[in-house]
Amino acid sequence: MTVRPPSRRRPAAPPTAVREATGPTDLARSATSAGAAAVPGAADAPEVRQAAPLPDEDRARLLAGAHHDPHAVLGARPVPGGVLFRVLRPHARKVAVVTRGRCAVLRPEGDGLFAGVLPLRAVPAYELRVAYPDATLTVRDPYGFLPALGAPDLRLLGEGRHEQLWQALGARVLTHQGVTGTRFTVWAPNARGVRILGDFNHWDGTAFPMRSLGASGVWELFLPGVGAGELYKFEIARPDGSHTVRADPMARRTECPPANASVVDVSHHKWRDGAWMAARGARPPHAAPFSVYEVHLPSWRPGLTYRQLAAQLPAYVQDLGFTHVEFMPPAEHPFGGSWGYQVTGYYAPTARMGTPDDFRYLVDALHRAGIGVLIDWVPAHFPRDDWALAEFDGRPLYEHPDPARAAHPDWGTLEFDYGRAEVRNFLVANAVYWCEEFHIDGLRVDAVASMLYLDYSRPEGAWTPNAHGGRENPDAVAFLQEMNATVHRRCPGVVTVAEESTAWDGVTRATHEPGAGGLGGLGFGLKWNMGWMHDSLRYVAKEPVHRRYHHGEMTFSMVYAYSENYLLPISHDEVVHGKRSLVSKMPGDWWQRRATHRAYLGHMWAHPGKQLLFMGQEFAQGAEWAERHGPDWWLLDPSYAAEPDHRGVRDLVRDLNRAYGAAPALWERDTDPAGFAWVDADAAEDNVFAFLRFAADGSPLLSVTHYSPVVRPGYRLGVPDTVAAWREVLNTDAARYGGGGVENPGALTPEPVPAHGRETSLTVTLPPLATLWLRPA
C-alpha cells in the first residue's frame with residue numbers, strides 16, 4: 001500500500017532506508033552457477049546458496065503488513081551450513097550483502113524478497129547494497145538489530161506508570177548497537193501489523209514492518225541513518241484486515257496544518273532560565289501575587305512566529321505587571337477555529353508558529369522577564385479525525401469502548417477511557433511532559449466538569465450510573481488525582497488549575513485529605529470561580545437603577561469564597577460568540593461603559609482569589625475577539641481620536657497590577673477567611689460594596705466599589721481603630737485613566753463615630769462608577 005505524503009511532492013527516487021549513495025552504480029553483473037557474485041574487481045566473493053523458501057503464510061502476512069515478528073523472517077540468522085540473509089526491498093533490481101570488504105548477491109524470491117545462505121560460522125556485521133534502476137545505495141539492515149526498547153520500559157508501560165512516556169514511545173533519535181538512527185515505537189495492541197511510512201522510504205512502508213514486543217501492545221523498529229526532520233506516519237493493519245494510516249500519538253513535532261504527518265525531532269535548545277526554575281517553588285501560588293494575562297498565541301499579533309513573539313510578548317506583559325501568561329492550548333490541532341481545544345498532537349506544540357525549540361525559546365524569554373507560563377491542557381476529549389486517535393488501531397483504544405460513553409454530546413468529539421491504564425498513562429505523562437520538557441509553570445485543565453459527571457449534558461436514560469448508582473465518574477476522578485499528584489511530586493512550583501463549574505467537593509483539596517464524603521480531593525492548586533464570573537457579569541450588565549435588586553449576586557461569592565482556592569476568570573469564553581467584549585457588556589454611554597469597566601477591574605483585583613484577564617480587555621476593546629485577527633491594536637494608535645480612552649484603561653491595568661503586587665493584603669491570605677471582612681455588604685440602595693483585606697501581619701487594605709453614576713460625598717465607612725490615617729492608593733476615576741478626576745487627596749483621618757459595627761469611621765467621596773483602594777498612610 002503506497003501512501004503519498006500529505007504536503008510534499010512524491011520524490012522520483014526509489015524507496016530506501018537511508019539516502020546514502022556509495023560505490024559503483026551497479027552490483028556485480030554476473031553470478032556463479034552457485035549464485036555467488038563479487039564486488040567489481042574482487043575475485044573472492046563468497047558462495048551464495050539458495051535459502052529454504054519462506055513459508056507461504058509468513059510471506060503473505062509480511063507482504064500484507066500483518067506480520068507480528070518480521071525480524072523472525074528478515075535479517076540474518078544462523079542456519080545449518082552458514083548464515084541465512086533475507087531482505088525485503090520492493091522495486092530493487094539486486095540486493096547484496098557486504099561484509100568484511102566482500103560482497104555477495106542474494107537470490108531473488110519474488111515480491112521484492114531476496115535471500116541466500118552464506119558459508120559463515122556466525123552472523124557478521126554487514127551492510128546491504130541495494131541496486132535500483134537509477135541508483136545503488138549502501139544501507140544498514142534494520143532487521144539486524146535487537147529491540148531498542150527494554151524490559152523496564154515495557155513493564156512500566158504495561159502497568160500504566162511510565163511517567164516519562166515520551167522517552168519510550170514515538171520517534172527517538174539514538175545510538176543503538178553503535179549505530180545512530182531513529183527508534184520508532186507505537187502502542188497499537190489491536191493491530192495485526194504496523195509499518196512505517198515516511199520521507200525516508202518515499203511513503204511506501206512495504207519494506208519496513210515493525211515487530212510486536214510481546215503482550216505490551218507496543219510495536220518497534222530501529223531505522224539506522226534516519227534522523228531529525230524526517231516526516232513519518234504509521235500504517236496499521238486493523239483486525240478486519242483493512243489498513244489505516246495514522247500520525248504518531250506521541251509525535252513531538254508535526255507538520256503545519258492542514259498537513260498532518262509527524263516529524264522526527266531532536267531538541268537543541270539551551271535553557272537560560274535557571275534562576276526562575278530554582279525560585280518558582282519558593283512560595284505556594286495561593287499565597288503569592290498571581291495575575292494572569294490570557295493569550296491566544298496565533299492571534300495576539302497575527303503572523304508572528306514563536307521567536308518573534310518572544311521579542312514582543314514578554315516586554316508587553318512585563319510592562320503591564322502581570323505575573324503570568326496563560327496560553328490557550330498550544331498543542332497541535334487541525335482546525336484553527338477550535339482555538340486549540342480539539343487536540344490531535346498532545347506532545348507537539350503547534351507548528352503554525354515554529355518548531356518545538358522555537359516554543360521553548362518563547363517560554364525561556366518569558367521566564368527571563370520574570371513571567372510564569374501556564375498553558376490550557378485538554379484531557380477531556382479529542383476529535384474524530386481518521387488520521388489521529390479515533391479507533392487508532394481499528395478498535396476503540398484511547399476512547400471508551402462504549403459508544404454512548406465515548407461520544408461527547410456537546411462537541412462532536414470523543415472522551416478518553418480514563419479506566420484504561422495505558423490511556424491514563426498517556427495523559428498523566430503528557431502533563432509531566434509539558435512541565436519538564438518546556439518548563440511550563442502551570443496547567444489549566446479544560447472542561448473538568450465534563451469529565452467528573454457521567455450525565456454531563458446527557459438526558460435521563462442516555463447515561464449509565466456508576467457501580468454505586470451515582471453520576472460521578474470514578475475513573476476520571478482517579479485520573480485527575482493521579483495527574484495532580486504526579487505533577488506536583490515531579491515538578492515543584494507547578495500549579496494546576498481546574499476549569500470546573502459545579503460544586504464538586506474538594507477540587508483544590510489534597511488527594512490524600514478526605515472530605516465530608518470520605519473521598520480525597522482532586523489535588524488542583526486553583527479552581528476557576530465560574531460562579532463569581534457569571535454573577536458579577538450579570539450584575540454589571542444591569543442599568544445602575546436596577547442593580548439594587550441584584551445586589552446579592554455580587555455578595556454571594558463571599559458565602560463560598562474559602563471553600564476552594566479560587567481564580568477569578570474573565571476569559572476568552574466571555575468575550576466571543578455573541579457575548580460581547582467586557583466593556584461592551586456595560587450599559588450607558590461610552591464614558592459610563594468605560595467607567596464601569598474600570599470599576600469592575602478594580603473590584604475584581606481586590607476580591608479574594610487570583611485573577612485572569614483575556615487579551616484585548618486590558619485596553620477596553622469594543623469588539624468581540626475573533627481568532628482570525630486578534631485584538632484591535634489600532635485602538636492604541638496615537639493618531640486615533642479615542643486612543644486616550646483605551647490607553648487610560650490599559651494604564652489602569654498596569655497600576656492595578658503594581659498596586660496589587662505591593663499590597664500583601666490582596667494575596668497573602670487569599671484562602672484564609674481571616675484575611676477578609678465586610679465593611680458594608682448591604683448597601684444595595686447605593687450600589688456600594690466595601691470590604692477590608694488583611695495581610696499576614698494584619699495590615700489592612702480598604703476596597704470600595706461604587707456602581708452608581710453619581711458622586712457621593714461624605715460617604716461614611718466603618719474602619720479598624722488601629723489605623724491613624726488612610727490614603728488613596730488607587731482610584732479608577734482618576735483623570736489619567738479617562739475618569740472624571742473625583743479623588744480623595746492627602747491623608748484621610750478616621751473619626752470616633754460608630755459605623756458598620758465599628759467604633760471608628762472614615763468619610764470619603766465616592767466617584768461615579770469607580771473603585772477606591774485605601775491603605776494606612
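Given the structure is predicted, the values throughout are model-derived calculations rather than measurements.

Novice: Please explain the packing of helix H6 (residues 313-320) against helix H17 (residues 643-661) as it appears in this structure.
Specialist: The angle between the axes and the distance between the axes are what describe a pair of packed helices. Viewed as axis vectors pointing N to C, H6 and H17 meet at an angle of 70°, and their least axial separation amounts to 7 Å. Comparing their axes, H17 and H6 come out roughly perpendicular. Where H6 approaches H17, its residues Tyr316, Asp319 and Leu320 are matched on the opposing element by Arg650, Val653, Arg654, Asn657 and Arg658. By residue class, the composition of the contact of H6 with H17 is three nonpolar, one polar and four charged.

Novice: Sorry, what's going on with the layout of surface pockets here?
Specialist: Taking a probe equal in size to a water molecule and rolling it over the atoms shows the remaining empty space. Of the volumes computed, that of the largest pocket is approximately 530 Å³. Along its surface, the largest pocket is lined by 27 residues, and Tyr341, Trp411, Asp446, Glu499 and Asp573 are the ones closest to its centre. Those elements that provide at least two residues to the lining of the largest pocket are helix H10 (448-452) and helix H12 (530-540). Residue composition of the lining of the largest pocket, grouped by class: 10 nonpolar, 10 polar and seven charged. There is about 420 Å³ of room inside the second largest pocket. Together, 23 residues line the second largest pocket, and Pro285, His488, Val494, Gly523 and Gly525 are the ones closest to its centre. Ranked by residues supplied to the lining of the second largest pocket, first place goes to helix H11 (residues 474-490) with three residues. Of the residues contributing to the lining of the second largest pocket, the split by class is nine nonpolar, 11 polar and three charged.

Novice: Got a minute to help me understand the sheet that holds strand E8 (residues 135-139) in this structure?
Specialist: Through backbone hydrogen bonds, the strands of a sheet pair up, either in parallel or in antiparallel fashion. Taken together, the four strands give an open sheet; going across it, the order is E4-E3-E7-E8, and neighbouring strands pair in antiparallel fashion. Both edges of this open sheet fall to strand E4 (102-105) and E8, since each of them pairs with a single strand only. Neighbour-to-neighbour, the strand axes of the sheet open up by a mean angle of 25°, direction not taken into account. Where strand E7 (residues 127-132) lies against E8, five bridges are found, and the strand directions are antiparallel. Looking at the pairing, Val130 lines up with Leu137 of E8.

Novice: Just checking my understanding: could you explain the confidence of the model for the protein for this structure?
Specialist: Caution is warranted with low-pLDDT regions, since their predicted coordinates should not be read in detail. Mean pLDDT over the protein: 93, with 94% of residues reaching 70 or higher. Ignoring residues within four places in sequence, the model shows residues 1-43, a span with pLDDT below 50, making 103 contacts including any to other chains.

Novice: It is not clear to me how helix H16 (residues 590-606) should be interpreted in this structure. Could you clarify?
Specialist: Three- or four-residue spacings in an α-helix give side chains the same orientation, since the helix completes a turn every 3.6 residues. The terminal C-alpha atoms of H16, which comprises 17 residues, lie 25 Å apart, in line with the 24 Å expected from a rise of 1.5 Å per residue. Taking burial as the measure, the 17 residues of H16 include 13 buried ones, the bulk of the element.

Novice: Looking at this model, I keep getting lost on the pairing of strand E6 (residues 113-118). Mind explaining?
Specialist: Sheet faces and side chains relate simply in a regular strand, where the side chains alternate between the two faces. Of all six residues making up E6, six are buried, and the element is well covered by its neighbours. Burial along E6 is two-sided: the face carrying Leu113, Ala115 and Val117 and the face carrying Phe114, Gly116 and Leu118 are both buried. Of the pairings in the sheet, the one linking strand E2 (residues 82-88) to E6 comprises six bridges and is antiparallel in character. Looking at E6, one finds that Val83 is bridged to Leu118. Here strand E5 (residues 107-110) pairs with E6 via three bridges, running antiparallel. Bridge pairing in E6 places Gly110 opposite Leu113. Taking the residues between adjacent antiparallel strands as the criterion, E5 and E6 are bridged by two residues, where Asp111 takes a positive phi near 60°.

Novice: What is the right way to look at the pattern of salt bridges in this model?
Specialist: Two side chains that carry opposite charge are able to pair once their charged atoms sit near each other. On inspection of all chains with the given rule, the structure shows 42 salt bridges. Here Arg654 ties to Asp319 by a salt bridge, and the two come within 2.8 Å at their closest N and O atoms. Placement of the pair is Arg654 in helix H17 and Asp319 in helix H6, with a sequence separation of 335 residues. A residue is classified by how much of its surface remains accessible, and Asp319, at 33% relative accessible area, is partly exposed. A salt bridge links Arg548 to Glu685, with the nearest nitrogen and oxygen atoms 3.1 Å apart. Of the two residues, Arg548 sits in the loop between H12 and helix H13 (552-555) while Glu685 sits in the loop between strand E27 (676-680) and strand E28 (688-694), which places them 137 residues apart along the sequence. The exposed category is assigned to Glu685, whose relative accessible area is 56%.

Novice: Explanation requested: the packing of aromatic side chains in the structure shown.
Specialist: The tally for this structure, following the rule as stated, stands at 45 aromatic pairs. Measuring from ring centre to ring centre gives 5.3 Å for Tyr306 and Phe359, while their planes differ by 70°; the resulting arrangement is edge-to-face. Taken together, the positions of Tyr306 in helix H5 (residues 306-310) and Phe359 in helix H7 (residues 356-368) put the pair 53 residues apart, joining distant regions of the chain. The residue whose ring lies beneath Arg301 is Trp300, and the NZ or CZ to ring-centre distance is 5.4 Å. Between Arg301 and the ring centre of Trp633, over which it is positioned, the NZ or CZ distance is 4.2 Å.

How each quantity is defined
- Within each chain, residue numbers correspond to sequence positions counted from 1 in written order.
- For this predicted model, a pLDDT threshold of at least 70 governs which residues receive local features, and a threshold of 80 or more governs which side-chain atom pairs are given and counted, while totals over whole chains, interfaces and linings are taken from all residues.
- Excluded from the side-chain calculation are hydrogens and water; included are all heavy atoms of the structure.
- Axes here refer to lines fitted to C-alpha atoms; in helices the fit is confined to the stretch in contact. Angles between the N-to-C directions go from 0 to 180 degrees.
- The helix count covers DSSP runs of H or I at least four residues long, the strand count covers runs of E at least two residues long, and both are numbered beginning at the N terminus.
- Angle categories are assigned with fixed cut-offs, so that under 35 degrees is roughly parallel, over 145 is roughly antiparallel, 65 to 115 is roughly perpendicular, and the rest are oblique.
- Should any heavy atoms of two residues lie within 4.5 Å, those residues are considered in contact.
- Asp, Glu, Lys and Arg are counted as charged, while Ala, Val, Leu, Ile, Met, Phe, Trp, Tyr, Cys and Pro are counted as nonpolar; the rest, among them Gly, fall into the polar class.
- Both site types are read off a 1 Å grid over the protein atoms alone. A 1.4 Å probe that fits but cannot get out defines a cavity, while an open set with protein on both sides within 12 Å along at least five of seven lines defines a pocket; lining residues have an atom within 4 Å of a point.
- Grid points are joined across faces, edges and corners, and a volume is the space filled by probe spheres set on the points.
- Strands are labelled as partners when DSSP assigns at least two bridges between them.
- A residue's pLDDT is simply how confident the predictor is in it, with values from 0 to 100.
- In this analysis, the expected span of each helix is defined as 1.5 Å times one less than the number of residues it contains.
- Residue burial is assigned from relative accessible area. The probe radius is 1.4 Å, only protein chains are included, and a residue is buried under 20% of its type maximum, exposed over 50%, and partly exposed in between.
- Whenever a carboxyl oxygen of Asp or Glu lies within 4 Å of a side-chain nitrogen of Lys or Arg, that contact is scored as a salt bridge.
- By convention, a stacked pair of Phe, Tyr or Trp rings (six-membered ring in the case of Trp) has centres within 6.5 Å and planes under 30 degrees apart, an edge-to-face pair has planes over 60 apart, and any other such pair is tilted.
- We call a charge positioned over a ring when the NZ of a Lys or the CZ of an Arg lies within 6 Å of the ring centre and within 35 degrees of the ring normal.

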